[in-house]
Amino acid sequence: MLISAYLKHTATVLAAVAVCFFGACSADSDNQNAGIDSTAPTLRALEVSTVISDSGVTRYRATTPEWLIYNNVKNPYWLFPKGLRIEQFDTHLETEANIYCDQAHYDQRLRLWRLDGNVKVTNRKGEKFETDQLFWDQVNAKVYSDKKIKIQQPNCIINGRGFVSNETMTHYEISHPDGIIPISD
């Protein structure tokens, strides 16, 4: 008798849960996140240091004081409001580039990074790039900016406005260059 009452009670509770669950699933997509504050981050992580791999090969090491993930918005994104450091590796774990910025934004859908404030990049040739804003398009494997840029090479400094580069910052074009470039006879 006790078992029968227990089973009836359990069945009633399960039926109530099922009605709530299936009722929630049938709600239209506009109301699915009702009550969820989409302006609040889905996840907040502090003092993060992580490696990122592609097909089992370590490609990047990222370090940041704060990482905010916003998944409950129309265009999900990550935000690094207190700066970001990225070290990019080749397939032999040799450093291809070091990247630093004061703030970063990553659009998950477009796979597009926007680095803002005090952006500094060093490539494997030792060239140093400084700008206020830099975009990194992972889909098209290119880095670009329309802001002022300073490139310090071993024998000269090139200033300009706007540039496009490959991801390792080793092959690039400056849109509007200026500077003194030494030429040997």
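What you see is a predicted model; the values in this text were computed from it and never measured. Numbering of residues begins from 1 in every chain and follows the order in which that chain's sequence is written. Under the rules for a predicted model, residues below a pLDDT of 70 receive no local features and side-chain atom pairs below 80 are neither given nor counted, while totals for whole chains, interfaces and linings still include all residues. With hydrogens and water excluded, all non-hydrogen atoms of the structure serve as input to the side-chain values.

## Some details on the overall build of the protein
Strands are runs of DSSP state E lasting at least 2 residues, helices are runs of H or I lasting at least 4, and numbering of each runs from the N terminus. Helix and strand counts for the protein stand at 1 helix and 11 strands. Any two residues whose heavy atoms approach within 4.5 Å at even a single point are treated as in contact. Of all intrachain contacts in the protein linking residues separated by at least 6 positions in sequence, the fraction that spans at least 24 positions is 34%. Values of accessible area rely on a 1.4 Å probe in the Shrake-Rupley scheme; residue burial ignores everything except the protein chains shown. Carbon together with sulfur atoms contributes 55% to the accessible area of the protein, which is approximately 12100 Å² in total.

## A look at the pattern of salt bridges
Criterion for a salt bridge: a side-chain nitrogen of Lys or Arg within 4 Å of a carboxyl oxygen of Asp or Glu. Evaluation of the coordinates by the stated rule reveals 7 salt bridges. Residue Glu87 pairs with Arg61 through a salt bridge whose shortest N-O separation is 3.0 Å. Taken as a pair, Glu87 in strand S4 (residues 84-89) and Arg61 in strand S2 (residues 57-70) lie far apart in primary sequence, 26 residues in all. What you see here is one network of salt bridges that share partners, running through Arg44, Glu66 and Lys82.

## Points about the confidence of the model for the protein
By definition, pLDDT measures how confident the predictor is in each residue, and it falls between 0 and 100. Summary statistics for the protein give a mean pLDDT of 81 and a share of 76% for residues scoring 70 or more. For the protein, the element scoring lowest by mean pLDDT is helix H1 (residues 2-25), at 37; strand S6 (residues 103-107) scores highest, at 97. Confidence drops under a pLDDT of 50 for residues 1-35, and excluding neighbours within four residues, the segment shows 2 contacts in the predicted structure.

## Notes on the layout of surface pockets
Where empty space is left in the structure can be found by rolling a water-sized probe over the atoms. If you add up the space inside the largest pocket, you get close to 210 Å³. When contributions to the lining of the largest pocket are tallied by element, the ones reaching two or more residues are strand S1 (43-54), S2 and strand S3 (77-80). By residue number, the principal contributor to the lining of the largest pocket is S2, which donates 5 residues. For the lining of the largest pocket, the class distribution of residues is 11 nonpolar, 4 polar and 1 charged. Lining residues are those with an atom within 4 Å of a point, where the points come from a 1 Å grid over the protein atoms alone and group into cavities, where a 1.4 Å probe fits but cannot get out, or pockets, open sets with protein on both sides within 12 Å along at least five of seven lines. Grid points are joined across faces, edges and corners, and a volume is the space filled by probe spheres set on the points. Under the grouping applied here, Gly and all other residues not named as nonpolar or charged are polar, the nonpolar ones being Ala, Val, Leu, Ile, Met, Phe, Trp, Tyr, Cys and Pro and the charged ones Asp, Glu, Lys and Arg.

## Observations regarding the side chain of Glu127
Topologically, Glu127 is positioned in the loop between strand S7 (112-123) and strand S8 (128-137). For Glu127, the side chain forms a polar contact with the side chain of Asn123, separated by 2.6 Å. One polar contact links Glu127 to Gln153, side chain to side chain, over a distance of 3.1 Å. Residues contacting Glu127, with those up to four places away along its chain left out, are Val121, Thr122, Gln152, Gln153, Met169 and Tyr172. We call two N or O atoms a polar contact when they sit within 3.5 Å, provided that within protein one can donate a hydrogen and the other can accept it, with sequence-adjacent residues counted only if both atoms are side-chain atoms.

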